[in-house]
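Given next are the chains, with one letter for each unit.
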Amino acid sequence: MRLLILATLITVLRAVNATAVGSTAADPVLIPNNHPLIYFHGRWDASPGTWWGGSGLKLHVENLRTLSLHLGPHTTAPSASIGVSVDYQPFFQVNVSTGANIIPLIPAKKNNDDRKTSTVVRINAEGWQNNRVNLQSIQLNTGAKLLPYSTSKLTFQFIGDSLSAGQFLPQGVDQAWPFLTGEAFKAEHVVVAQPGAALSDIVSYGNEHGLSFQFFRTEDDGYFYTTDHNFTTPWNFARDVPAATHVVIHIGANDAAQNVTGNAFEQTYLNFVSRLRTIYHAQPIFVFTPWGWPNADGSIGQYLQGSYERIVHARHALGDRNVFLVNTTGWVTFADVFPDNQHPTVAGHQKIAGLFEAWLKDWGLRPESHWGTPFTA
Ligand SMILES: *[C@@H]1O[C@H](CO)[C@@H](O)[C@H](O)[C@H]1NC(C)=O
Ligand SMILES: *[C@@H]1O[C@H](CO)[C@@H](O)[C@H](O)[C@H]1NC(C)=O
Ligand SMILES: *[C@@H]1O[C@H](CO)[C@@H](O)[C@H](O)[C@H]1NC(C)=O
Ligand SMILES: *[C@@H]1O[C@H](CO)[C@@H](O)[C@H](O)[C@H]1NC(C)=O
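The rules behind each value
- Here, residues in each chain are numbered from 1, in the same order as that chain's written sequence.
- Naming scheme: in the order in which they are written, chains are lettered from A and ligands are numbered from 1.
- Owing to the predicted nature of the model, reporting of local features is limited to residues with pLDDT of at least 70; listing and counting of side-chain atom pairs is limited to 80 or more, with chain, interface and lining totals taken over all residues.
- No hydrogens and no water enter the side-chain calculation; it runs on all heavy atoms of the structure.
- The cutoff for a nearby residue is simple: one of its non-hydrogen atoms must lie within 4 Å of the molecule or strand.
- Distance and chemistry together define a polar contact, namely a pair of N or O atoms within 3.5 Å, with one atom able to donate a hydrogen and the other to accept it when in protein, and with adjacent residues in sequence counting only for side-chain atoms on both sides.
- Surface exposure here means Shrake-Rupley accessible area, sampled with a 1.4 Å probe, where a residue is shielded only by the protein chains that are shown.
- Two strands are counted as paired when DSSP detects at least two bridges linking them.
- Strands are runs of DSSP state E lasting at least two residues, helices are runs of H or I lasting at least four, and both sets are numbered from the N terminus onward.
- Axis lines are fitted to C-alpha atoms, over the contacting stretch for helices. Their N-to-C directions set the angle, which ranges from 0 to 180 degrees.
- Only Asp, Glu, Lys and Arg are considered charged, only Ala, Val, Leu, Ile, Met, Phe, Trp, Tyr, Cys and Pro nonpolar, and every remaining residue, Gly among them, polar.
- UniProt positions are given in the numbering used here, feature names are shortened, and annotations may be inferred rather than shown by experiment.
- An angle counts as roughly parallel when it lies under 35 degrees, as roughly antiparallel when it exceeds 145, as roughly perpendicular when it falls between 65 and 115, and as oblique in every other case.
- By definition, turning the near helix anticlockwise from the far helix through less than a right angle yields a left-handed crossing, and turning it clockwise yields a right-handed one.
- Contact definition: two residues touch when any of their heavy atoms are within 4.5 Å.
- Think of a 1 Å grid over just the protein atoms. A cavity is a set of points where a 1.4 Å probe fits yet cannot get out, a pocket is an open set with protein on both sides within 12 Å along at least five of seven lines, and lining residues have an atom within 4 Å of a point.
- Grid points are joined across faces, edges and corners, and a volume is the space filled by probe spheres set on the points.
- Boundary definitions for the domains trace back to an automatic or database domain assignment.
- Salt bridges, as used here, are contacts in which a Lys or Arg side-chain nitrogen is within 4 Å of a carboxyl oxygen on Asp or Glu.
- Think of a nonpolar core as a cluster: buried Ala, Val, Leu, Ile, Met, Phe, Trp, Tyr and Cys residues, connected wherever their side-chain atoms sit within 4.5 Å.
- Throughout, exposure labels follow a simple rule: accessible area from a 1.4 Å probe, protein chains only, divided by the maximum for the residue type, with under 20% read as buried, over 50% as exposed, and the rest as partly exposed.
- Ring pairs are drawn from Phe, Tyr and Trp, using the six-membered ring of Trp, whenever the two centres fall within 6.5 Å, and their geometry is named by plane angle: stacked under 30 degrees, edge-to-face over 60, tilted for the rest.

A. Structural context of the site of ligand 3. Near ligand 3, the surroundings consist of Ala257, Gln258 and Asn259. Between an oxygen atom of ligand 3 and a side-chain N or O atom of asparagine 259, the distance comes to 2.3 Å. Coverage of ligand 3 by the protein amounts to 26% of the 360 Å² it exposes when considered alone.

Structure, rendered in structure tokens:
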């Protein structure tokens, strides 16, 4: 009986609301793209729109039931693939387009845990191309409210090429070893990795620039093939909040493929690290050696052998002891790569992430015991 009365009352209230002018309690909650409680990470242009796979946003929401992304005209057509994770569950793929996109929320609340009142939603572009998500606004259900998102104490900055960008993986960078490592440490993580690009600022496999230039730009190398944004802008590193606590570089495959000599590569790399040191003054920098290109006969195609050791020694000689060689020799075999392109498979990336996680623990880094933003109130 009481329920019936309540239902009637709600119907009356709804009727009143429907005729009311302006915003009412029953309206969905519209979050504009400049809302201060949206936590943006990675590289966003002024539209605002993403570049570089892995760039995205995180939300902490009270009473969340529905979420849709309203995207603008700079979104990749026909669609961009994004990874979505609710309450730190595995990322799943959603393809989004210009206009309204309902994001299916798979709640972590499995056991009717009524204490749970807030939800963390993490969203990022997955692809190394077709990765532009132009955010106009976010629509939440009536009664939902944005809460502050608190970042992890750890933030990784990864810099690389196809071997870090997750090229050829179904879920792109979300399945690549840098992303997996960041997740395993319950860290914030930003991946700036461009398939085909050299570190040297040369044209390589369709990339107009190398990472020693493009790393300092907002846009990835895809800008060159883009008609609505055919230019690059400097990245304002003050927007990386928090600043990276650990920097990881895995690059050189495309320099070698473009016949850049060891000497020239080492000089470019050392100049790059010097420039990084103007941003990351004292953070540990991890220099990966190549794991090489594994062949069917069990041999490994090596490149730039010795260069990485010399780069690290040169930094030490300059008094910078906070640069570390990560010797990945033997980490990847033919069983870990796609036979036709020798890039790591999904399982291969998991293996690499596991080995690097063990390496980091051995080095002295402990994973955080919990995320910066717990999802239960
Ligand atoms: C998203 O689009 C890609 C490319 O068109 C497709 O392969 C994939 O299956 C789609 N994913 C979903 C979840 O629909
Ligand atoms: C972008 O601009 C460059 C010149 O800077 C030009 O070579 C290229 O073709 C342009 N790309 C598109 C898609 O218009
Ligand atoms: C690199 O050198 C090899 C061997 O001399 C040659 O076959 C190849 O065409 C060169 N590649 C480039 C991009 O110059
Ligand atoms: C890297 O590891 C391999 C395999 O364990 C070893 O042979 C090589 O000497 C190591 N290189 C350096 C610079 O430590």
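Moving on from the model shown.
B. Here's a closer look at the sheet that holds strand β4 (residues 67-71). Sheet architecture is open: 4 strands sit in the order β1-β9-β4-β7, paired in antiparallel fashion. Edge strands, defined here as strands with exactly one partner in the open sheet, are β1 (29-32) and β7 (99-102). Ignoring which end each strand starts from, the neighbouring axes of this sheet average 25 degrees apart. Two strands pair when backbone bridges link them, and β4 and strand β9 (residues 135-140) are joined in this way by 5 bridges, in the antiparallel orientation. Directly across from serine 68, in β9, lies its bridge partner glutamine 139.

C. The site of ligand 2, seen in detail. Residues in contact with ligand 2, as listed here, are Phe224, Tyr225, Thr226, Thr227 and Asn230. Between an oxygen atom of ligand 2 and a side-chain N or O atom of asparagine 230, the distance comes to 2.4 Å. Residues that form the shell around ligand 2 fall into these classes: 2 nonpolar, 3 polar and no charged.

D. Region of interest: the UniProt feature "domain: SGNH hydrolase-type esterase" (unreviewed entry) in the protein. Under the UniProt annotation, "domain: SGNH hydrolase-type esterase" (unreviewed entry) lies at residues 158-350. Here residues 158-350 runs as 27% helix and 13% strand, with 16 Å between its end C-alpha atoms.

E. Expanded view of the packing of helix α6 (residues 262-276) against helix α7 (residues 307-317). Running from amino to carboxyl end, α6 crosses α7 at an angle of 40 degrees, the nearest separation of the two axes being 10 Å. On the basis of their axis angle, the class for α6 and α7 is oblique. In this structure, α6 crosses over α7, and the sense of that crossing is right-handed. Contacts from Gly262, Phe265, Glu266, Tyr269, Leu270, Val273 and Ser274 of α6 reach α7 at Ser307, Tyr308, Arg310, Ile311, Ala314 and Arg315.

F. Representation of the environment of valine 326 in the model. Along the chain, valine 326 falls in strand β17 (residues 323-326). A C-alpha to C-alpha distance of 39 Å links valine 326 and histidine 74, two positions 252 residues apart in sequence. When residues no more than four places from it in sequence are discounted, the contact partners of valine 326 are Phe286, Val287, Phe288, Thr289, Trp331, Phe356 and Trp359.

G. Local environment of the packing of helix α3 (residues 177-184) against helix α8 (residues 346-363). Where α3 meets α8, the closest approach of the two axes is 8 Å, and the angle between their N-to-C directions is 50 degrees. Classed by the angle they form, the pair α3 and α8 counts as oblique. The two elements α3 and α8 cross, and the hand of that crossing is right-handed. Contact with α3, carried on its side by Trp177, Leu180, Thr181 and Ala184, involves His349, Gln350, Ile352, Ala353, Phe356, Glu357 and Leu360 of α8 and no other residues of that element. Grouping the amino acids of the contact of α3 with α8 by side-chain chemistry returns 7 nonpolar, 3 polar and 1 charged.

H. Fine view of the layout of surface pockets. Put simply, the largest pocket is a space of about 460 Å³. Taken together, 27 residues line the largest pocket, and the ones lying closest to its centre are Trp128, Gln129, Gln194, Asn207 and Gly222. Of all the elements, helix α5 (residues 253-257) adds the most residues to the lining of the largest pocket, at 3 residues. In terms of residue class, the lining of the largest pocket is built from 8 nonpolar, 14 polar and 5 charged. Both domains that meet at the lining of the largest pocket, namely domain 1 (30-147) and domain 2 (155-363), each give it at least three residues.

I. A look at the domain arrangement of the protein. What the domain assignment reports for the protein is domain 1 (30-147) and domain 2 (155-363). Each of domain 1 and domain 2 has a C-alpha centre, and the two are 26 Å apart. The interface of domain 1 with domain 2 comprises 23 residues on the first partner and 35 residues on the second. At the junction of domain 1 with domain 2, the criterion picks out 3 salt bridges. For the pair domain 1 and domain 2, the number of links is 15 residue pairs in polar contact (both at pLDDT 80 or more). Elements with a contribution of two residues or more to the side of domain 1 that touches domain 2: β2 (39-44), β3 (50-62), β6 (92-96) and β8 (118-125).

J. Representation of the nonpolar core. Core analysis: the biggest nonpolar cluster contains 62 residues, and Trp177, Leu211, Phe215, Ile249, Tyr269, Leu276 and Phe356 have the highest contact counts within it. The element that contributes the greatest number of residues to this core is α6, accounting for 6 residues. Taken domain by domain, this core gets at least three of its residues from each of domain 1 (30-147) and domain 2 (155-363).

K. Fine view of the pattern of salt bridges. For the structure shown, the criterion picks out 8 salt bridges. Measuring nitrogen to oxygen at the nearest pair gives 2.8 Å for the salt bridge that ties aspartate 228 to arginine 132. Remark: arginine 132 occurs in the loop between β8 and β9 and aspartate 228 occurs in the loop between α4 (211-214) and β13 (246-250); sequence separation between them is 96 residues. Look at aspartate 228 and you get partly exposed, because its relative accessible area is 35%.

L. Structural view of the packing of aromatic side chains. Here the structure, examined in full by the defined rule, presents 30 aromatic pairs. Taking the centre distance of 5.7 Å and the plane angle of 90 degrees together, the rings of phenylalanine 158 and tryptophan 177 count as edge-to-face. Linking phenylalanine 158 in strand β11 (residues 155-160) with tryptophan 177 in helix α3, this pair joins segments that are 19 residues apart in sequence. Between phenylalanine 215 and phenylalanine 272, the aromatic rings sit 6.0 Å apart at their centres with planes inclined by 80 degrees, giving edge-to-face as the arrangement.

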